[in-house]
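Here are the chains, one letter per residue:
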Amino acid sequence: MTDNSSNSSIPASLLSAAVAALQRGSLVAFPTETVYGLGADASNAQALTALYRVKGRPAARPLTVHLADVEDIAQWAAYIPPAAQKLIDSYCPGPLTLILPRRPEVLDIVTAGSENVGIRLPSHPIARQLIRAFGKGLAAPSANRSGYLSPTTAEHVRQEFGTDVPIIIDGGPCQLGLESTIVDFSTTPPRLLRSGLLTLDMLQETAGLEIQTPALAPAATSGSHYKPHTAVQSCPTSDLQACVERELAQHHQPLAVLYYSPRAVFSNGPDLRLLQLPNQPLEYAQRLYASLRYLDGCSLRSIIIEDVPHTAEWSVLRQRIHQIAPVKHKLT
Ligand code: TXA
Ligand code: MG
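For every chain, the first residue of the written sequence is number 1, and numbering continues from 1 along that sequence. Lettering for chains starts from A, numbering for ligands starts from 1, and both go in the order in which the items are written. Per-residue local features are limited, in this predicted model, to residues with pLDDT of at least 70; the limit for side-chain atom pairs, both in listing and counting, is 80 or more; totals at the level of whole chains, interfaces and linings are taken over all residues. Water and hydrogen atoms were dropped before computing side-chain values, which therefore reflect all heavy atoms in the structure.

Peer 1: What should I look at first to understand the overall build of the chain in this one?
Peer 2: Helix numbering and strand numbering both begin at the N terminus, where a helix is a DSSP run of H or I of at least 4 residues and a strand a DSSP run of E of at least 2. Within the chain, the regular secondary structure consists of eleven helices and 14 strands. The C-alpha extent of the chain, read off along each of the three principal axes, is 60 × 45 × 30 Å. Looking at the chain as a whole, 54% of its 332 residues qualify as buried. A separation of at least 24 residues holds for 66% of the contacts in the chain among residues at least 6 apart in sequence. For the exposure calls, accessible area comes from a 1.4 Å probe over protein chains only, and a residue counts as buried if that area is under 20% of its type's maximum, exposed if over 50%, partly exposed in between. In what follows, residue pairs with any heavy atoms lying within 4.5 Å of each other are defined as contacts.

Peer 1: What exactly am I supposed to notice about the pairing of strand β3 (residues 37-41) here?
Peer 2: Walk down a regular strand and you will see the side chains alternate between the two sheet faces. Most of β3 sits out of view: five of its five residues are buried. Note: strand β2 (residues 28-30) against β3, three bridges, orientation antiparallel. Counterpart to F30 in the pairing with β3 is G37. Pairing between strands requires that DSSP locate at least two bridges from one strand to the other. The turn joining β2 and β3, which pair antiparallel and follow one another in sequence, is formed by six residues. Where β3 meets strand β7 (residues 138-139), two bridges bridge the pair, whose relative direction is antiparallel. Paired with A40 across the bridge in β7 is A139.

Peer 1: What exactly am I supposed to notice about the nonpolar core here?
Peer 2: In globular proteins that are soluble, nonpolar side chains generally tend to be buried together. Only buried residues count toward a nonpolar core, which is a set of Ala, Val, Leu, Ile, Met, Phe, Trp, Tyr and Cys residues joined through side-chain atoms within 4.5 Å. Residues L38, L87, L96, L98, I119 and L203 are the most contacted members of the largest nonpolar core, which totals 46 residues. For this core, the elements supplying multiple residues, two or more each, are β3, α2 (45-55), α3 (82-91), β5 (96-101), β6 (116-120), α6 (154-161) and α7 (200-207).

Peer 1: Could you clarify how one ought to interpret the packing of helix α10 (residues 281-296) against helix α11 (residues 315-324) in this entry?
Peer 2: At a minimum axis distance of 11 Å, the contact between α10 and α11 shows a crossing angle of 20°. Relative to α11, α10 is oriented roughly parallel. As α10 packs across α11, the resulting crossing turns out to be left-handed. Contacts between α10 and α11 involve P281, Y284, A285, L288, Y289 and L292 on the former and, on the latter, L317, R320, I321 and I324. Any residue that is not Ala, Val, Leu, Ile, Met, Phe, Trp, Tyr, Cys, Pro, Asp, Glu, Lys or Arg is counted as polar, Gly included; the first ten are nonpolar and the last four charged. Considered class by class, the residues forming the contact of α10 with α11 number nine nonpolar, no polar and one charged. Comment: axis = line fitted to C-alpha atoms, over the contacting stretch for helices; angle = value between 0 and 180 degrees taken between N-to-C directions. Any angle from 65 to 115 degrees is called roughly perpendicular, while one under 35 is roughly parallel, one over 145 is roughly antiparallel, and all others are oblique. By the definition used in this description, the sense in which the near helix is turned from the far one sets the handedness, with an anticlockwise turn below a right angle giving left-handed and a clockwise turn giving right-handed.

Peer 1: In this structure, what is going on with α2? I would like to understand it.
Peer 2: Since one α-helical turn is 3.6 residues long, residues separated by three or four positions face the same way. Of the positions making up α2, those classed as buried are A47, L48, A50, L51, Y52, V54 and K55. Here the buried face of α2 lies against β3, α4 (108-111), β7 and α6. Polar contact is the term for a pair of N or O atoms within 3.5 Å; when the atoms are in protein, one must be able to donate a hydrogen and the other to accept it, and sequence-neighboring residues count only if both atoms are side-chain atoms. For α2, the N-terminal cap is N44; the gap from its side-chain oxygen to the backbone nitrogen of Q46 is 2.9 Å.

Peer 1: Help me out: how do you make sense of the environment of Y91 in this one?
Peer 2: Among the secondary structure elements, Y91 is positioned in helix α3. On the basis of relative accessible area, Y91 is assigned to the buried category, the value being 16%. As for Y91 and G118, which are separated by 27 residues in sequence, their C-alpha atoms are 15 Å apart. Those residues in contact with Y91 that lie beyond four places of it in its chain are L96, L198, M202, L203 and T206.

Peer 1: Would you mind showing me how to read the packing of aromatic side chains here?
Peer 2: Geometry of an aromatic ring pair is reported as the spacing of the ring centres plus the angle between the planes. Any Phe, Tyr or Trp ring, taking Trp's six-membered ring, that has another such ring centre within 6.5 Å forms a pair; planes under 30 degrees apart are called stacked, those over 60 apart edge-to-face, and the others tilted. All told, the structure shown has three aromatic pairs when counted by the stated rule. Both rings, one in Y260 and one in W314, keep their centres 5.4 Å apart while their planes meet at 40°; by these two values the pair is tilted. Of this pair, Y260 sits in the loop between β12 (255-259) and β13 (272-276) while W314 sits in the loop between β14 (302-306) and α11; the two residues are 54 residues apart in sequence, bridging distant segments of the chain. Each member of the pair, Y260 together with W314, is buried. Ring plane angle 80° and centroid distance 5.2 Å describe the contact between Y284 and W314, whose orientation is recorded as edge-to-face. Residue Y284 is located in helix α10, and its partner W314 is located in the loop between β14 and α11; the two are separated by 30 residues in the primary sequence. Owing to a relative accessible area of 1%, Y284 belongs among the buried residues under this scheme. Among the residues examined, W314 registers a relative accessible area of 3% and is labelled buried. Linked through ring pairs, Y260, Y284 and W314 together constitute an aromatic cluster.

Quick look at the structure:
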């Protein structure tokens, strides 16, 4: 059942079907402001086992518990450090995941055996409505098969899971389009595990302390190295034209260019597919994953992504793009 409900509320009949499904241990996909989540009852081990299986998720990767209200965090976290509380006061509900010491009764399958639990309060009204109606925490990873791009529309979820996920609540395209920022408060100082649209500077200023960026790339610690199946490379604007021509000359096979720069110039030809993204970072972020998914379905030899500017406002997108696509520099 995929329902084209309005973007801000769930029709009563769908809501009761979704809650009943969650109560019997089934999965329900739903929109959040970042990406679509695949929800299961976070206190039902069987439901969580099914969630890992359907996603093909490695058992070592913990699940985030989604809650509707700040007061509910105390049911899952043993303790909220003062700096974490400041972030909660400023950014929850919103695109932030906090890693906090867990309460002993939190299931091991939620935390993958760790002593900490991931908590997120999505701001999307449909997510909040669903969680409130269910009345308990929802474990909800991004609603993609493990390793693939996060979904930003209900259609992405349907295409990927088909009947494996019988209820998909359609809230239209996600407003942000990138996964939440993750801050781990189990260490001192806290650490940024995944960058997102809430930037390190914003978070440090609000928390009033330093938040470390791990020595390892965030992908290595938080597993957000999602990729299309098609080979992807990124290329600086100055080299884009030459890169496209080189690829076409070498392979004579269909190629796509995902670009944003109005100055980009390309050769013509049947083997070249061009897709333009907005040249504003927030709008670009909204459409990046959907564009990559679309191109991934076009039987191309490869996708070239124009590298985005080296400015602070684009920095999270640069990181994501470089996780998806290594930078290809001029040969020799
Ligand atoms: O924006 C988002 O965060 C989306 C929406 C659906 O809320 N969810 C999402 O979930 O991206 P997921 O599971 O795809 O990514 C969450 C990341 C995982 O890489 C997981 O390893 C990490 O958060 N995580 C969750 N609980 C953790 C914990 N206790 N300790 C360390 N990392 C944790
Ligand atoms: Mg994910």
